[in-house]
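Analysis of the macromolecular model
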Amino acid sequence: METIMITWKKAWPTLAIIWWTHWNEVCWIRLLDFLKDNLTIKSWKVILIYGNPEAIAKWVRQVWMNLNRAFLEDEKLDSTQKGTYEYRRSRDIMEILKECDYSLDIHSSPTIWSKPMIICENNAIEIASYFPFDIRCEWFDEIDPWSTEYFINSIWKVWIWIECWYHEDPIASIRAKECTFALLSSLGMIDFPKKKYVQKQFIANAKYITKTDDFKIARFFDDFEPIKSWELIWSDWWNPVYSKDWWYILFARDRNEIWVEWFVEIIDWDF
């Protein structure tokens, strides 16, 4: 169940498609079933990777740690992290990704108000322009250096990460399928009509790490909501924290864990 390979007689270059990094992100199960049973390619090689099989089997988001935080170098992880299943699984996936030239990492959200978006770097912008999204973010490798994308970037390969929207909405599954087919078509692996989309571009500028295990947002924040200078945005234990500039907020939520990322600060590329 960990990987499925679909190969043409000319097996280079190679594309990895990764899903189920977190068990509850289920929007692309129908896509997986379709690809493994029906995908025929006319060149190259596709590797379909189940992110976290142990979490899938146990019906939990993660077993011991967030798999998408396990792709750092050994010296940047502590002994507890290196003792987890997710650490071992990350090393297995890293060995697979070393063989790949491109990767597509598919995610979805537990919240219905989350916004669909593409996250990529400059080397993937042309391909990403064929994905049916209104928002594209860049520079995440500089802000969140620990995911599969961070590893792919470290070995000078091309990656795209998509957030398809709410887990349970059928539109998320449709969007994941359209992105996958657009990518396969862009790489010449299948014949599929492509369409370019106008996408608003943002860049990741900073993130906030919780200092206590009692982190509360001041109110609900929508993804990409504009934040005003000196607006109250959260309290870490009893310390109120105010914005020092104008920016956009992403992934804002309460946290009851210390030393974890709480949000990403986004800047409008055209600002």
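Structure: see above.
Below or above, wherever it landed, is the structure these notes cover. (Residues numbered from 1 in each chain as written. Predicted model: local features only at pLDDT ≥ 70, side-chain atom pairs only at ≥ 80, totals over all residues. Heavy atoms only, no water.)

**Overview of the side chain of Gln199**
Summarising the element assignment, Gln199 is placed in the loop between helix H8 (170-186) and strand S8 (200-209). Residue classification places Gln199 among the buried positions, given a relative accessible area of 13%. Residues in contact with Gln199, not counting those within four places in the same chain, are Ile118, Ala128, Ser129, Phe131, Phe133, Asp134 and Arg136. (Helix = DSSP H or I, 4+ residues; strand = E, 2+ residues; numbered from the N terminus. Buried < 20%, exposed > 50% of the residue type's maximum accessible area, 1.4 Å probe, protein only. Contact = heavy atoms within 4.5 Å.)

**Points about the packing of helix H1 (residues 29-38) against H8**
Two elements in contact, H1 and H8, have axes separated by 8 Å at closest approach and are oriented at 40°. Between H1, through Arg30, Leu31, Phe34 and Leu35, and H8, the contact on the second element is made entirely by Pro170, Ser173, Ala176, Lys177, Thr180 and Phe181. Partitioning the contact of H1 with H8 into residue classes produces six nonpolar, two polar and two charged. (Axes fitted to C-alpha atoms, helices over the stretch in contact; angles between N-to-C directions. Nonpolar A, V, L, I, M, F, W, Y, C, P; charged D, E, K, R; others polar.)

**Some points on unusual backbone geometry**
Note: most residues except glycine have negative phi, and most peptide bonds are trans. Phi at Trp139 is positive, roughly 70°, even though this residue is not glycine. Within the fold, Trp139 resides in the loop between strand S6 (135-138) and helix H6 (140-143). Taking relative accessible area as the criterion, Trp139 reaches 36% and is therefore assigned partly exposed. Residues other than glycine seldom take positive phi values, yet Trp230 does so here, at roughly 70°.

**Focus on the sheet that holds strand S12 (residues 239-242)**
Here three strands make up an open sheet; going across it, the order is S9-S11-S12 and the pairing antiparallel. Two strands bound the open sheet, and with one partner strand each, they are strand S9 (215-217) and S12. Along the sheet, successive strands turn relative to each other by an average axial angle of 25°, direction set aside. In this sheet, S12 lies alongside strand S11 (residues 232-236) in antiparallel orientation, the contact comprising four bridges. Bridge pairing links Trp234 to Val241 in S12. (Pairing = 2+ DSSP bridges.)

**Digging into the pattern of salt bridges**
One pass over the full model with this rule turns up ten salt bridges. Residues Lys58 and Glu54 are paired through a salt bridge, measuring 3.4 Å at the closest nitrogen-oxygen approach. Residue Lys58 and its partner Glu54 are located together in helix H2 (residues 53-58), separated by four residues, close to a single helical turn. Note on Lys58: relative accessible area 48%, which makes it partly exposed. (Salt bridge = Lys/Arg side-chain N within 4 Å of Asp/Glu carboxyl O.)

**A look at H1**
Every buried residue belonging to H1 is among Leu31, Leu32 and Leu35, and all of these are buried. Projected down its long axis, H1 shows its buried positions confined to an angular sector of 100°, all on one face. Along H1, exposed side chains directed more than 90 degrees from the buried face belong to Arg30 and Asp37. Of the surrounding elements, those touching the buried residues of H1 are strand S1 (3-7), strand S2 (14-19), strand S3 (45-50), strand S4 (102-109) and H8. (Arc of directions from axis to C-beta.)

**Some points on the environment of Ile125**
Position of Ile125 among the secondary structure elements: in helix H5 (residues 125-128). Distance from Ile125 to Ile160, taken between C-alpha atoms, is 9.0 Å for residues 35 residues apart in sequence. Residues contacting Ile125, with those up to four places away along its chain left out, are Cys120, Arg136 and Glu138.

**Examining the side chain of Thr148**
Of note, Thr148 is situated in helix H7 (residues 148-154). A distance of 3.1 Å separates polar atoms of two side chains, one belonging to Thr148 and the other to Asp105. Contacts of Thr148, omitting those with residues within four sequence positions, involve Ile18, Asn68, Phe71, Leu97 and Asp105. (Polar contact = N/O pair within 3.5 Å; in protein donor to acceptor, adjacent residues only side chain to side chain.)

**Focus on the packing of aromatic side chains**
Applying the stated criterion to the full structure yields eight aromatic pairs. Ring geometry for Phe202 and Tyr248: centres 5.3 Å apart, planes at 75°, overall edge-to-face. On the criterion of sequence distance, the pair formed by Phe202 in strand S8 and Tyr248 in strand S13 (residues 247-250) is long-range, its members being 46 residues apart. The exposure class assigned to Phe202 is buried, which follows from its relative accessible area of 6%. Above the face of the Phe133 ring, Arg175 is positioned so that its terminal group lies 5.5 Å from the ring centre. When the ring centre of Tyr130 is taken as reference, the NZ or CZ atom of Lys194 above it lies at 5.2 Å. (Phe/Tyr/Trp six-rings, centres within 6.5 Å; stacked < 30°, edge-to-face > 60°. Lys NZ or Arg CZ within 6 Å of the ring centre and 35° of its normal.)

**Some thoughts on H8**
End to end, H8 covers 24 Å across 17 residues, agreeing with the expected 24 Å (1.5 Å per residue, within 8%). Every buried residue of H8 is listed here: Ala172, Ser173, Arg175, Ala176, Cys179, Thr180, Phe181, Ala182, Leu183, Leu184 and Ser185. Contacts made by the buried residues of H8 are with S2, H1, S3, S4, H5 and strand S7 (158-166). The N-capping residue of H8, defined by a side-chain oxygen 2.8 Å from the backbone nitrogen of Ile171, is Asp169. A positive phi of about 75° marks Gly188, the residue just after H8. (Expected span 1.5 Å × (residues − 1).)

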